[in-house]
Amino acid sequence: MLGMIKREIVRYLAEVSSEFPVISVMGPRQCGKTTLVREHFKGYAYLNLEDPAIRFEAEADGSSFFRNHPAPLILDEVQNCPQLLSYIQVLVDAQPKARALYVLTGSHQPKLREVIVQSLAGRVGEVELMPLSLGELKEAGFRLPRDEQIFKGFMPRIYAEGVGATNLYANYFATYVERDVSKLINLKDRRQFEAFMRVLAGRVGQLANYDSIAAEIGVSAVTIKHWISILEACYVIFTLPPYYRNYGKRFVKTPKVYFFDTGLLCYLLGIRAPSQVIRDPVFGGIFENLVVSEMRKQRLNQGLRGGLYFMRDQNGKEGDLVVEEARRLHLYEIKSGMEMSPSFARNLKAYRAVLGDDVLSASIVYSGVANPHMD
C-alpha cells in the first residue's frame, strides 16, 4: 500500500514547516504530492483548485473565499488560481509568528514560482517532490530486477494500485499533452509534438542538439528549445548542465536531457515489456537516466537544489555525472554493463589528471554486484 511507502522528503518538509508560514510542494503530476501533504498536515482543510466549482469560488471573490476557508489550509494545484497568493501574503503578514498556515501544491513550476516570487518572497518554504526513489521502494519491500524497475518506473500508482506501466504511461502522456502542454504553448500539430518527444527519448543522455532535432522534426531550433523548456516546466524532463568552471574552452557548454521517470521514457521508446529494455539501442542512456535521476531525487529529498553536472571536452571524453560539494567535485562514470572492466575508469583517470585537487572522489556506477570506489 502507498501509505506504507515512507517518503524520504518528510524530514525536510517538517524542517521548512517549522520555519515558514507558507509551504509549496511542487513536482510532476501523479508523483504523490497530494498524498504527502494530506498525510503530513493532518487536520488541515483541503481544496483542489482543479475542481471548477472551487476555482470559480476563488476567482469570484478572494476575500470571501478565505473567510469561508480559513487556515490551516491545503490548496492543491494552486497555479490554476495564482491571484490567491496576494491574499495569502496579506493573511500571513498579519500573523508573523505563525508557521505552515497554507500548504500549496503545483505541477507547473514556472507559473507557481513566478507568483511566489511576486507575492510570497521570503514567506514560503519550497519543497520539490519527485516520483518514488529506489531507496523508498526498497524500504517498502519492493525489490525488482533492474530492467523491470526501469520499465515500471517510479509513479506511486503502479505500486499502490497495481496499475500496469504501459497503461499508466499511455494515459499520463495523453493527459500531459492535452492538459498541460496545451495550456502553455499553442500546439498547431499534436502529432509533431509527440514525434518530438519520442525523438527526445531516443537521445536520452545526449547533448541537446536543437538544430539536429529541429531538422528531424521539421520545426525551427527556437521551437525545439522552447518545447524543451516547457517539458522542464511541467517536470517531464530535466536538463543536466555542463561543468566548465575555470577550465578554459576545452569543455562543451551544451546541456544533456533526461526524463524524470524511466517508465515514461520506456513508453516513448516503444518498450512494452521488461525483457525489451536491455535490447533497446539506447539502453546505455536509459541506465544512465536511472542513475542521474536517482541522484537528483536524493538531493531534492534533502532540500538540495542544483549541484549536479556532467563534463565533456571537445574531443568527446565525458564525465557522466559531477556532484559539486563546497566547490570541489565527486566524479561518477556510469556503465550499464554487468561485468567490471578496467576501461570503465579511463575517463575518470583523465579528468582527475586535469582537475587535480578539485576532485574529492571518483566512482564507477555499473550494474554488477559491487560498486568499486576509485580514490
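An account of the accompanying structure is given in this report.

Each value, and the rule that gives it
Residues numbered from 1 in each chain as written. Predicted model: local features only at pLDDT ≥ 70, side-chain atom pairs only at ≥ 80, totals over all residues. Heavy atoms only, no water. Helix = DSSP H or I, 4+ residues; strand = E, 2+ residues; numbered from the N terminus. Rg over C-alpha atoms; globule rule 2.2 N^0.38 Å. Buried < 20%, exposed > 50% of the residue type's maximum accessible area, 1.4 Å probe, protein only. Contact = heavy atoms within 4.5 Å. Areas by Shrake-Rupley, 256 points an atom, 1.4 Å probe, with all protein chains shown as cover. Lys, Arg positive; Asp, Glu negative; His and termini not counted. Charge placed at Lys NZ, Arg CZ, Asp CG, Glu CD. Pairing = 2+ DSSP bridges. Axes fitted to C-alpha atoms, helices over the stretch in contact; angles between N-to-C directions. Polar contact = N/O pair within 3.5 Å; in protein donor to acceptor, adjacent residues only side chain to side chain. Phe/Tyr/Trp six-rings, centres within 6.5 Å; stacked < 30°, edge-to-face > 60°. Lys NZ or Arg CZ within 6 Å of the ring centre and 35° of its normal.

## Focus: the overall build of the protein chain
At step 1: Looking only at helices and strands, one finds 16 helices and 11 strands in the protein chain.
At step 2: In terms of overall size, the protein chain behaves like a compact globule, its C-alpha atoms giving a radius of gyration of 22 Å where 375 residues would be expected to give roughly 21 Å.
At step 3: Each principal axis of the C-alpha distribution contributes one length, and for the protein chain these read about 65 × 45 × 45 Å.
At step 4: Split into buried and exposed, the 375 residues of the protein chain put 51% on the buried side.
At step 5: Taking all contacts inside the protein chain whose residues are at least 6 apart in sequence as the whole, residues at least 24 apart take part in 68%.
At step 6: Of the accessible surface of the protein chain, which amounts to about 17000 Å², a share of 50% is contributed by carbon and sulfur atoms.
At step 7: Where the 46 positive side-chain charges of the protein chain centre and where its 41 negative ones centre are 2 Å apart.

## Looking at the environment of Glu178
At step 1: Locating Glu178 in the fold gives a position in helix α10 (residues 165-184).
At step 2: A sequence separation of 113 residues divides Glu178 from Phe65, and the C-alpha atoms of the two residues are 29 Å apart.

## With respect to the sheet that holds strand β11 (residues 359-365)
At step 1: Strands sit in the order β8-β9-β10-β11 across an open sheet of 4 strands; the sheet is mixed. Of all strands in the sheet, those bounded by a partner on one side alone are β8 (308-312) and β11. Sheet twist, expressed as the average angle between the axes of neighbouring strands with direction ignored, equals 30°.
At step 2: When strand β10 (residues 328-334) meets β11, the two strands line up parallel, connected through 6 bridges. Pairing of Ile334 across the sheet is with Val365, part of β11.
At step 3: Its contacts with the sheet place helix α16 (residues 346-355) against β8, β9 (318-325), β10 and β11, and it is angled at close to 165° to β10.

## Considering the sheet that holds strand β1 (residues 22-26)
At step 1: Ordered in space as β2-β3-β4-β1-β5, the 5 strands form an open sheet in which the pairing is parallel. Pairing within the sheet leaves two strands with one partner each, and these edge strands are β2 (45-48) and β5 (124-128). The mean angle between the axes of side-by-side strands here comes to 15°, regardless of whether they run parallel or antiparallel.
At step 2: Two strands pair when backbone bridges link them, and strand β3 (residues 73-76) and strand β4 (residues 102-106) are joined in this way by 3 bridges, in the parallel orientation. Residue pairing across strands places Ile74 opposite Val103, the latter belonging to β4.
At step 3: Running over the sheet, helix α5 (residues 84-93) touches β1, β3 and β4 and is turned about 155° from β4.

## Considering the side chain of His330
At step 1: Secondary-structure assignment places His330 in strand β10.
At step 2: Side-chain polar atoms of His330 contact the side chain of Glu325, separated by 2.8 Å.
At step 3: Setting aside residues up to four positions removed in sequence, His330 forms contacts with Leu321, Val322, Val323, Glu325, Leu360 and Ser361.

## Concerning the packing of aromatic side chains
At step 1: If you walk through the whole model with that rule in mind, you get 14 aromatic pairs.
At step 2: Look at Phe66 and Tyr87: their rings are 6.4 Å apart centre to centre, the planes differ by 35°, and that puts the pair in the tilted class. You can see Phe66 sitting in helix α4 (residues 62-68) and its partner Tyr87 sitting in helix α5, a full 21 residues away along the chain.
At step 3: Its relative accessible area of 7% is what places Phe66 among the buried residues.
At step 4: Residue class for Tyr87 comes out partly exposed when judged on its relative accessible area of 33%.
At step 5: Between the aromatic rings of Tyr235 and Phe260, the centroid separation amounts to 5.7 Å while the plane-to-plane angle is 50°, which identifies the pairing as tilted. Of this pair, Tyr235 sits in the loop between α13 (221-233) and β6 (237-240) while Phe260 is found in the loop between β7 (256-259) and α14 (262-268), placing the two residues 25 residues apart along the sequence.
At step 6: Pairwise contacts between aromatic rings join Phe65, Phe66, Tyr87 and Tyr102 into one cluster.
At step 7: A cation sits over an aromatic face here: Lys256 above Phe310, 5.0 Å from the ring centre.
At step 8: The ring of Phe238 has Arg296 lying over it, and the distance from NZ or CZ to the ring centre is 4.6 Å.

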